[in-house]
Amino acid sequence: MGAVHLSHDVIDSQLVDRHQEKIGRIDELLLELEEGKPPRVATIVIGGVARARRVGRWMLACHRAVHALLGHREEYESRIPFEAVRRIADTIELDVEGDTLPSMRLDRWLATHIVCRIPGGSGERK
Amino acid sequence: MKKWAEVALGVVTSIGGFLEVGSIATSAQGGAEFGYQLAWVLVLGTTSLAILMEMTGRLAAVSQRSYADLLRERFGYRFFLLPLVAVFVVSLLVVISEIGGVSIALQLATGIDFRWWAIPTALVGWFLLWRGNFTIVEQGTAMLGLVAISFAVGALKLHPVWPTLGRALLPSLPSHDRARYWYLAVSILGASISPYLYLFYSAGALEDEWTIEHLGVNRVTAGMGNVFGGVLAIASLVTAALVFAPRGIKVDRYEQIALVLATPLGRAGLVFFIMTLFVTCFGSTLEIVLAIAYLLAQGLGWNWSENLKPGKDARFATSYTVLILLASLPIAIGMDPLTLTNISMVATAASLPVTVIPLSVLMNDGDLLNTHVNGWPSNLALVVIALLSVVLLVAAIPLQLLGGG
């Protein structure tokens, strides 16, 4: 693959972890600016705050209000160094453990506290 | 041989999936008030839906990506919010109506008020989604949906005037109640062309592991399935035209619609009507909540599949669980199912541009479709549907106000 277009091929792409599990999409990309060095794509951000920021200030304010209302103190946003990228195709593979990411916290919480406690919730395929 | 079994199945699926509460109600109202005259709207709606389904199916089979996935990736998150919110709201309204349809069917069968049936319906539906896989949801509801053929039998037994019906397949202007006529036309289009149908179809192509080999199956399914579905919807309109129109009855309650089959088929007709209403609305309930959960999961990048245990895609499973329970509440507190159905069909019609217009971009993307991009006839058809969708968006609210009463 020659040139990779950030907006066409990278931003908003489906992310999978090292087990090919879907772990969200690239909600934001951060550039790193360092004195004396050219800027480089440094960080992949996954999370609702990043998505809200893209829509506008009002959405960010709504997002923050909801989280405050729910009494969330923990961070629900994943920031992953771009070096973790293993493959860029239809999906982008990251060399990370999906279950440990902050942006997967809700998914893990739902799975362990609710879904798997309901009969038929746990296991592999139906 | 296996392929043809799949084709047959696909066709059956579309029949089961096509005629649901919206089509039954809006066609019956159309037939009661304007005789056969609105039949052309069903032809237009069915053809449009067949084209949209063929395209989203082809897109999924060739690119191995669902439509919702591509809407997010190719158009970005800001744009994606439009179809997300529009389809979410509209589909939620439709699923409430479907649960209303199931509840009315159970009221007709048992005499117990429909409000009591909404939450049990949601719980049984949830149980099937939770424990069953995609094949069970798709094929189970489709097979049972064949009971809808009773509408065709009912229509034939009433001996429709074929030349008049034939002429009604071409558009014509009403001689009275213009606003009402166009209002019903918009409702019928909203009932025929539902975004959830092609979003579900697109995700279903991936659930069924379609590949480029399935393009033929896709064409036949989208084409033939919709022909059968359209014929049944026309049958519903014809029965209403022959039963209600001569007696001057306007349909304003679901219970009345039962007469369309009870008149030609007697007591058996009533039973068939109840079964059809129950099965098709219940099937649509499952398909719509899944379609919304697919849209959320694919758009936001969660794990999703009706073939995985819920613990493997917790956010997806939680979504359909919350949605189906939430959708049963308005019926449980006594909202009128028919009013809701009418509102949701018009809202559906208004929501179409945000899912139809982006499709025209994706269907011409060689990176996704290689040689299977749209040819000019398909593009022309898509432009016509897109223009139609914009007209529907503009006309929906004024017509709801002028002709909705």
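Look a little higher up for the structure.
Residues numbered from 1 in each chain as written. Chains lettered and ligands numbered in written order. Predicted model: local features only at pLDDT ≥ 70, side-chain atom pairs only at ≥ 80, totals over all residues. Heavy atoms only, no water.

(A) Inspection of the sheet that holds strand S7 (residues 91–94) of chain A at higher detail. Residues and elements named next belong to chain A. If you trace the four strands from one edge of the open sheet to the other, you get S2-S1-S7-S6, paired in mixed fashion. Since the sheet does not close on itself, it has two edges, and those belong to strand S2 (22–25) and strand S6 (85–88), each with one partner. Averaged over all neighbouring strand pairs, the angle between strand axes comes to 25 degrees, with direction disregarded. Relative to S7, strand S1 (residues 14–16) runs parallel, the two being bridged by three bridges. The residue of S7 that forms the bridge with leucine 15 is isoleucine 92. (Pairing = 2+ DSSP bridges. Helix = DSSP H or I, 4+ residues; strand = E, 2+ residues; numbered from the N terminus. Axes fitted to C-alpha atoms, helices over the stretch in contact; angles between N-to-C directions.)

(B) How the structure looks around helix H16 (residues 353–362) of chain B. All names here are of chain B. Burial of H16 is extensive: seven of the 10 residues sit out of reach of the surface. If you check which residues of H16 are buried, you get Pro353, Val354, Thr355, Val356, Pro358, Leu359 and Leu362. In this fold, the buried residues of H16 make contact with helix H3 (39–63), helix H4 (67–110), helix H10 (195–207), helix H15 (337–351), helix H17 (366–369) and helix H18 (376–403). (Buried < 20%, exposed > 50% of the residue type's maximum accessible area, 1.4 Å probe, protein only. Contact = heavy atoms within 4.5 Å.)

(C) Structural context of the pairing of S2(A). Pairing of S1(A) with S2(A), which is carried by two bridges, proceeds in the antiparallel orientation. Within the sheet, the bridge partner assigned to A:Gln14 lies in S2(A) and is A:Arg25.

(D) Representation of the pattern of salt bridges. Tallied over the full model, the rule gives 28 salt bridges over all chains. Between A:Asp27 and A:Arg51 there is a salt bridge, and its shortest N-O distance comes to 3.0 Å. Pair noted here: A:Asp27 is in the loop between S2 and strand S3 (28–32) and A:Arg51 is in helix H2 (residues 48–55), with a separation of 24 residues, a long-range link. As far as the burial class goes, A:Asp27 and A:Arg51 line up, both buried. When the shortest N-O distance is used, the salt bridge between A:Arg108 and A:Asp107 registers 2.4 Å. Among the charged side chains, a network of salt bridges with common partners joins A:Arg25, A:Asp90, B:Arg65, B:Asp69, B:Glu73, B:Arg74 and B:Asp365. (Salt bridge = Lys/Arg side-chain N within 4 Å of Asp/Glu carboxyl O.)

(E) Fine view of the sheet that holds strand S4 (residues 40–46) of chain A. All names here are of chain A. Across the sheet, three strands lie side by side as S3-S4-S5; this open sheet has antiparallel pairing. Each edge of the open sheet carries a strand with a single partner, namely S3 and strand S5 (78–81). Along the sheet, successive strands turn relative to each other by an average axial angle of 30 degrees, direction set aside. Bridging between S4 and S5 involves four bridges; their strand directions are antiparallel. By the bridge assignment for S5, threonine 43 is matched with proline 81.

(F) Inspection of the interface of chain A and chain B at higher detail. Contacts between the two partners involve 35 residues from chain A and, on the opposite side, 35 residues from chain B. Of the roughly 3,100 Å² buried at the junction of chain A and chain B (both faces included), carbon and sulfur atoms supply 48%. The largest contributions to the chain A side of the interface with chain B come from A:Lys22, A:Arg25 and A:Lys126, which together make up 25% of the buried area. Summed over the shared surface of chain A and chain B, the number is seven salt bridges. The salt bridge partner of A:Arg25 is B:Asp69, with a shortest N-O separation of 2.4 Å. (Buried area = accessible area lost by both parts, 1.4 Å probe.)

(G) Structural detail: the nonpolar core. Counting residues in each nonpolar core, the largest one holds 144 residues, and the members touching the most others are B:Leu38, B:Leu59, B:Tyr198, B:Ile257, B:Phe273 and B:Tyr320. No other element matches helix H13 (residues 259–300) of chain B, which puts 20 residues into this core. Discounting residues that sit within four places of it in the chain, B:Phe273 has contacts with B:Ile24, B:Leu108, B:Phe151, B:Tyr254, B:Ile257, B:Ala258, B:Val260 and B:Leu261. Listed in part, the 15 residues of the second largest apolar core include A:Val10, A:Ile26, A:Leu29 and A:Leu101. (Core = buried A, V, L, I, M, F, W, Y, C linked by side-chain atoms within 4.5 Å.)

(H) Region of interest: helix H5 (residues 118–131) of chain B. Residue and element names in this part refer to chain B. Here H5 is 14 residues long and its end C-alpha atoms lie 20 Å apart, about the 20 Å a rise of 1.5 Å per residue gives. Where H5 is concerned, the buried positions are Ala118, Thr121, Ala122, Gly125, Trp126, Leu129 and Trp130. Projected down its long axis, H5 shows its buried positions confined to an angular sector of 160 degrees, all on one face. Of the surrounding elements, those touching the buried residues of H5 are H4, helix H6 (134–145), H13 and helix H14 (314–332). (Expected span 1.5 Å × (residues − 1). Arc of directions from axis to C-beta.)

(I) Quick look at the environment of B:Phe34. Residue and element names in this part refer to chain B. Within the secondary structure, phenylalanine 34 sits in helix H2 (residues 21–34). Owing to a relative accessible area of 8%, phenylalanine 34 belongs among the buried residues under this scheme. Along the sequence, phenylalanine 34 and valine 186 sit 152 residues apart, while their C-alpha atoms lie 14 Å from each other. With sequence-adjacent residues up to four places away left out, phenylalanine 34 is seen in contact with Pro174, His176, Asp177, Arg180, Tyr181 and Leu184.

(J) Spotlight on the packing of H15(B) against H16(B). Residue and element names in this part refer to chain B. Direction vectors running N to C along H15 and H16 enclose 30 degrees, while the axes themselves pass 6 Å from each other. When the axes of H15 and H16 are compared, the pair comes out roughly parallel. Residues Ala349, Ala350 and Ser351 of H15 form the contact with H16, whose own contacting residues are Pro353, Val354 and Thr355. Grouping the amino acids of the contact of H15 with H16 by side-chain chemistry returns four nonpolar, two polar and no charged. (Parallel < 35°, antiparallel > 145°, perpendicular 65-115°, else oblique. Nonpolar A, V, L, I, M, F, W, Y, C, P; charged D, E, K, R; others polar.)

(K) Geometry of a nonpolar patch on the surface. Residue and element names in this part refer to chain B. A cluster of nonpolar residues, Ile119, Leu123, Val322, Leu325, Leu326 and Leu329, forms a patch on the protein surface that exposes about 490 Å² of accessible area. Elements represented by at least two residues in the nonpolar patch include exactly H5 and H14. The greatest single-element share of the nonpolar patch, amounting to four residues, is contributed by H14. In this fold, isoleucine 119 is placed in helix H5. Judged by its relative accessible area of 38%, isoleucine 119 falls in the partly exposed class. (Patch = residues over 30% accessible without salt bridge, like charges linked within 9 Å, V, L, I, M, F, W, Y side chains within 5 Å. Areas by Shrake-Rupley, 256 points an atom, 1.4 Å probe, with all protein chains shown as cover.)

(L) Main features of the packing of aromatic side chains. Within the structure shown, the criterion is met by 13 aromatic pairs over all chains. Between B:Phe200 and B:Tyr294, the aromatic rings sit 6.4 Å apart at their centres with planes inclined by 50 degrees, giving tilted as the arrangement. Placement of the pair is B:Phe200 in helix H10 and B:Tyr294 in helix H13, with a sequence separation of 94 residues. For the residue pair B:Phe200 and B:Tyr294, the accessibility class agrees, reading buried in each case. Here the aromatic residues B:Phe134, B:Phe200, B:Tyr294, B:Trp304, B:Phe316 and B:Tyr320 are joined through ring pairs into a cluster of three or more. Sitting over the ring of A:Tyr76, A:Arg105 keeps its end group 5.8 Å from the ring centre. (Phe/Tyr/Trp six-rings, centres within 6.5 Å; stacked < 30°, edge-to-face > 60°. Lys NZ or Arg CZ within 6 Å of the ring centre and 35° of its normal.)

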